[in-house]
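Each chain, written out:
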Amino acid sequence: MAIQTKMATGTSSSSASTLADMTSGGGMAAPAARTHDGPLAIEARNMNIYYGNFHAVRDINLQVEPRKITALIGPSGCGKSTVLRAFNRMNDLVASARVEGEVLFNGRNIYAPEVDAVEVRRRIGMVFQKPNPFPKSIYDNVAWGAKVNGFKGDMDGLVEQALRNAALWDEVKDKLKQSGYSLSGGQQQRLCIARAIAIKPEIILMDEPCSALDPIATLAIEDLMKELVEKYTIMIVTHNMQQAARVSDYTAFFMVDPKRTGHLVEYGPTRQLFTNPKEKRTEDYITGRFG
Ligand SMILES: Nc1ncnc2c1ncn2[C@@H]1O[C@H](COP(=O)(O)OP(=O)(O)OP(=O)(O)O)[C@@H](O)[C@H]1O
Ligand SMILES: [Mg+2]
């Protein structure tokens, strides 16, 4: 998607680098065994995140494949949400949070001073744990992002398409003017996904998107993710190991050290990580021996 943004302008000579240039060589350990050398969707390099003096996560190197689902798993407090939020600068909204290192997106560090965080969040959308529709109509929830971005085209068409893509259209097409709050929890979460899709992001970050949902709504969201991944890159935090195994292509397993600093223990293709983990700690976690 060739969107011209602030991220692509007014930078130093390194701006000419492509992501492919930047990821080849450099002596950086690649945590996942890549099966090809095409461009990544996004990549964290030597990322450390602090809340005040607390070192929340350390030395994260994570290469995220495009148009795949990458799951982040690990025990509570290991930094999954913190890491996920770092991929679209959502931690900027936490006053005490500080991110060090780089997150490369289309060859550009999203933390570089000239990069506009709002633009980053437009291109890398987020769906939260609790469905959080705005106190607006179903229609306006979906139209909101496009309106804010000055979209002047066919808004009805855009809203319909986003709701169709979020597998919600048939359930709401006759009540678009009703409040988003009038929907069930699972419908509200699909509304939030429609809202995220409507701004045409390249990556969608989801932080435990199914934790407030029943098994049927959960499966609906999982099916939806499998459809969305044909167009989007998805990163999902989940506590549900079956869910990670069911939906994701890659899994990153995090743990905390004795100082409670989170770190990446193992990252690889989901099937391999769940059936033949390299690390004893991964095996213990996925077999339920701790965590
Ligand atoms: N706003 C904050 N201010 C201070 N510390 C925070 C903040 N948010 C998270 N932390 C701390 O950072 C660490 C990682 O938290 P994070 O929420 O990323 O973990 P998590 O793996 O997502 O956990 P859970 O599975 O419970 O959601 C924890 O020790 C947490 O207490
Ligand atoms: Mg969390």
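Nothing here was measured: the structure is a model prediction, and the numbers come from that model.

Engineer: Just give me the short version of the site of ligand 1, but keep the residues and values in it.
Structural biologist: Lining the immediate surroundings of ligand 1 are 14 residues, of which Y51, S76, K80, S81 and T82 lie closest. Sorting the residues of the shell around ligand 1 by element identifies β2 (54–64) and α2 (80–86) as the ones contributing at least two each. A per-element tally of the shell around ligand 1 places α2 first, with three residues. When the residues that make up the shell around ligand 1 are grouped by side-chain class, the tally is five nonpolar, seven polar and two charged.

Engineer: Break down the pairing of strand β1 (residues 42–51) for me, with residues and values.
Structural biologist: Relative to β2, β1 runs antiparallel, the two sharing seven bridges. Following the sheet pairing, A44 is matched in β2 by L62. In this structure, the hairpin formed by β1 and β2 is closed by a connection of two residues, where G52 is found at a positive phi of approximately 60 degrees. Across seven bridges, β1 lies against strand β4 (residues 97–105) in antiparallel orientation. Residue Y50 lies in a different strand from β4, and its bridge partner there is R98.

Engineer: An account of helix α7 (residues 185–198) is needed here, citing residue identities and associated values.
Structural biologist: Given a rise of 1.5 Å per residue, 14 residues ought to cover 20 Å, and the 20 Å separating the end C-alpha atoms of α7 matches this to within 8%. Burial of α7 is extensive: 13 of the 14 residues sit out of reach of the surface. Of the residues flanking the end of α7, it is K200, one or two places downstream, whose phi is positive at about 50 degrees.

Engineer: How would you sum up the packing of helix α5 (residues 155–165) against α7? Please name residues and give values.
Structural biologist: Viewed as axis vectors pointing N to C, α5 and α7 meet at an angle of 125 degrees, and their least axial separation amounts to 8 Å. Overall, the two elements α5 and α7 adopt an arrangement that is oblique. Crossing handedness for the pair α5 and α7: right-handed. Between α5, through L158, A162, L163 and N165, and α7, the contact on the second element is made entirely by A194, I197 and A198. Taken together, the residues of the contact of α5 with α7 sort by class into six nonpolar, one polar and no charged.

Engineer: Summarise the environment of I73; cite the residues concerned and give the values.
Structural biologist: Considering the arrangement of structural elements, one finds I73 in strand β3 (residues 69–73). Overall, I73 belongs to the buried group, with 27 C-beta atoms counted inside 10 Å. Counting along the chain gives 163 residues from I73 to I236, while the straight-line C-alpha distance between them is 8.8 Å. Sequence-distant contacts of I73, that is, excluding residues within four places in its chain, are made with T238, M241, A244, T251 and F253.

Engineer: Residues and numbers for the pairing of strand β10 (residues 262–269), please.
Structural biologist: Along any regular strand the residues' side chains alternate between the sheet's two faces. The pairing of strand β9 (residues 250–256) with β10 spans seven bridges and is classified as antiparallel. Each bridged residue has a counterpart across the sheet, and for A252 the counterpart in β10 is Y267. Between β9 and β10, which pair antiparallel one after the other, the connecting turn spans five residues, and R260 there sits at a positive phi close to 70 degrees.

Engineer: Explain helix α8 (residues 215–228) to me, using residue names and the numbers behind them.
Structural biologist: Taking 1.5 Å per residue as the helical rise, α8 with its 14 residues ought to reach 20 Å, and the 20 Å between its terminal C-alpha atoms agrees with that figure. Packed against the buried residues of α8 are β3, α5, α7, β7 (203–207), β8 (233–237) and α9 (241–247).

How each quantity is defined
- Residues numbered from 1 in each chain as written.
- Chains lettered and ligands numbered in written order.
- Predicted model: local features only at pLDDT ≥ 70, side-chain atom pairs only at ≥ 80, totals over all residues.
- Near = placed C-beta within 6 Å.
- Helix = DSSP H or I, 4+ residues; strand = E, 2+ residues; numbered from the N terminus.
- Nonpolar A, V, L, I, M, F, W, Y, C, P; charged D, E, K, R; others polar.
- Pairing = 2+ DSSP bridges.
- Expected span 1.5 Å × (residues − 1).
- Buried ≥ 20, exposed ≤ 12 C-beta atoms within 10 Å, placed from the backbone.
- Axes fitted to C-alpha atoms, helices over the stretch in contact; angles between N-to-C directions.
- Parallel < 35°, antiparallel > 145°, perpendicular 65-115°, else oblique.
- Left-handed = near helix turned anticlockwise from the far one by under 90°.
- Contact = placed C-beta atoms within 7 Å.

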